[in-house]
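Architecture at a glance
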Amino acid sequence: MIELQSIVKDFNVKGGNVHAVRDVSIKIDDGEIFGIIGFSGAGKSTLVRCINLLEKPTSGKVIIDGRDLTAMDEKQLREERKKIGMIFQHFNLMRARTVYGNIAFPLQKSGLSKEEKDKKIMSLLNLVGLEDKKDAYPSQLSGGQKQRVAIARALANDPKVLLCDEATSALDPQTTKSILKLLEEVNKKLGITIVIITHQMEVVKDICDRVAVMDKGTVVETGRTIEVFSKPEKPVTKSFIETASNISRIYEMMETGDSFTEIGEGDKILILTYSNVNTKDALISHISREYGVDASIIFANVEIMKDNPLGKLVIFLKGSKEGSDKAIEYLRAAGVDVEVIKG
């Protein structure tokens, strides 16, 4: 549905050029929920604004559903943009219009009759769960309700693509979950391709099928969300994942020489990472019984990503060298990635 070919975006500023996006190529499948993640300043928002040419790329091609947007004149581009909905961090609703009026705005030149418009707007309000708020003004709504209105407005022209630029950053965690659930529902019911720009780990893990990690204007890593997060290759990806986990605390404690990380002769500190492993399997209990080792769980972080468990555990392993080696061998054979970080 979306193909970005060697996208470059430079800005001329006082003091020289800023290279916001550097040679980015991505393919996003029809009906996919695709995440573009990274820390602030990575170039994510600039890249997503290049998809609908709110920012015209310095070079490269943007192809949506087989049509090259970068080769279009202004009139053609206006028509093509109707197929690309967009929602923003701060909602961008018109304060002087009601909820109904905000959703009606994109339909002004649609050619639909008054009755057809009304039917469409009410069906969108029903989809986002705001039928009872149609006559309310944005100032009377919560943040989550405002974003629901923005989603309904973005869907008014039956787009093929929905771009979400930090759409949940201004919302609390509970409201974020409800908006993500709504986006997932929109994706399943309408088959719309959704691109999510975010720096929030929980957004990506909850609904994205695949993900691209950006750093300093380039895409450094891409793949299925569960694969990228279970086996990150680049330091920036590892750092991003650690922001939502307590596992990295063990490294800090080891660096500062915390007495908590002191171990005896033959003991080990391990980090276990598993995905697509049956979490009902009592792996820790098994190695204690079978190989005569004591395994103490110090830190643990278990996520569910698109129905797949992704777990990281820090354990202290005490026992004979033979028992420890066999325990590690057993865990690896069971599909667990084992990293010995001390001992």
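As for the environment of S178
Relative to the helices and strands, S178 resides in helix α6 (residues 173-190). In the structure, S178 is positioned 59 residues away from T237 in sequence and 26 Å away in space, judged by C-alpha atoms. A polar atom in the side chain of S178 sits 2.7 Å from the backbone oxygen of T175.

Remarks on the sheet that holds strand β2 (residues 16-28)
Taken in spatial order, the four strands of this open sheet run β2-β1-β4-β5, and their pairing is antiparallel. Among the strands making up the open sheet, the edge pair consists of β2 and β5 (67-68). Inspection of the sheet shows strand β1 (residues 2-13) paired to strand β4 (residues 59-64) by five bridges, in the antiparallel sense. Pairing of L4 across the sheet is with V62, part of β4.

A closer look at the sheet that holds strand β7 (residues 161-165)
The six strands lie next to each other as β6-β7-β8-β3-β9-β10, forming an open sheet whose pairing is mixed. What marks the edges here is a single partner per strand, and that holds for β6 (84-87) and β10 (218-224). When strand polarity is set aside, the average angle formed by the axes of neighbouring strands in this sheet is 15°. Strand direction decides the pairing type here: strand β3 (residues 33-37) and strand β9 (residues 210-215), joined by four bridges, are parallel.

A look at unusual backbone geometry
Backbone geometry follows two general trends: most residues other than glycine have a negative phi, and most peptide bonds adopt the trans configuration. With a phi close to 50°, S6 is a non-glycine residue in the positive phi region. Here S6 lies in strand β1. A relative accessible area of 35% means that S6 is categorised as partly exposed.

Concerning the pairing of β3
The element β3 is largely enclosed, with a buried count of five among its five residues. As defined by bridge partners, β3 adjoins strand β8 (residues 193-198) across five bridges and the pair is classed as parallel. Among the inter-strand pairings, I33 is bridged to a residue of β8, identified as I194.

Quick notes on the layout of surface pockets
Roughly 840 Å³ of internal volume is contained in the largest pocket. Lining the largest pocket are 20 residues, and of these R78, R81, K82, P106 and N157 lie nearest its centre. Among the residues making up the lining of the largest pocket, the classes are represented as seven nonpolar, six polar and seven charged. If you trace the second largest pocket, you find 14 residues lining it, with P232, K238, Y251, K312 and E339 closest to the centre. Among the secondary structure elements, those contributing two or more residues to the lining of the second largest pocket are α9 (235-242), β11 (268-275) and β14 (337-342). Per element, the largest residue contribution to the lining of the second largest pocket is three residues, and it comes from α9. Taken together, the residues that form the lining of the second largest pocket break down as five nonpolar, three polar and six charged.

Remarks on empty space enclosed by the protein
One water molecule sets the probe size; rolling that probe over the atoms shows where empty space is left. Using the criterion set out here, one finds two cavities of 30 Å³ or more in the structure. Taken together, C164, E166, A167, T168, S169, L180, L183, I196, I197, T198, Q200 and V203 make up the full set of residues lining the second largest cavity. Elements that contribute at least two residues to the lining of the second largest cavity include exactly α6 and β8. With three residues, the top contributor of residues to the lining of the second largest cavity is β8.

What counts and how
Residues numbered from 1 in each chain as written. Predicted model: local features only at pLDDT ≥ 70, side-chain atom pairs only at ≥ 80, totals over all residues. Heavy atoms only, no water. Helix = DSSP H or I, 4+ residues; strand = E, 2+ residues; numbered from the N terminus. Polar contact = N/O pair within 3.5 Å; in protein donor to acceptor, adjacent residues only side chain to side chain. Pairing = 2+ DSSP bridges. Axes fitted to C-alpha atoms, helices over the stretch in contact; angles between N-to-C directions. Buried < 20%, exposed > 50% of the residue type's maximum accessible area, 1.4 Å probe, protein only. 1 Å grid on protein atoms, 1.4 Å probe; cavity = no way out; pocket = protein on both sides within 12 Å on 5 of 7 lines; lining within 4 Å. Points joined across faces, edges and corners; volume = space filled by probe spheres on them. Nonpolar A, V, L, I, M, F, W, Y, C, P; charged D, E, K, R; others polar.

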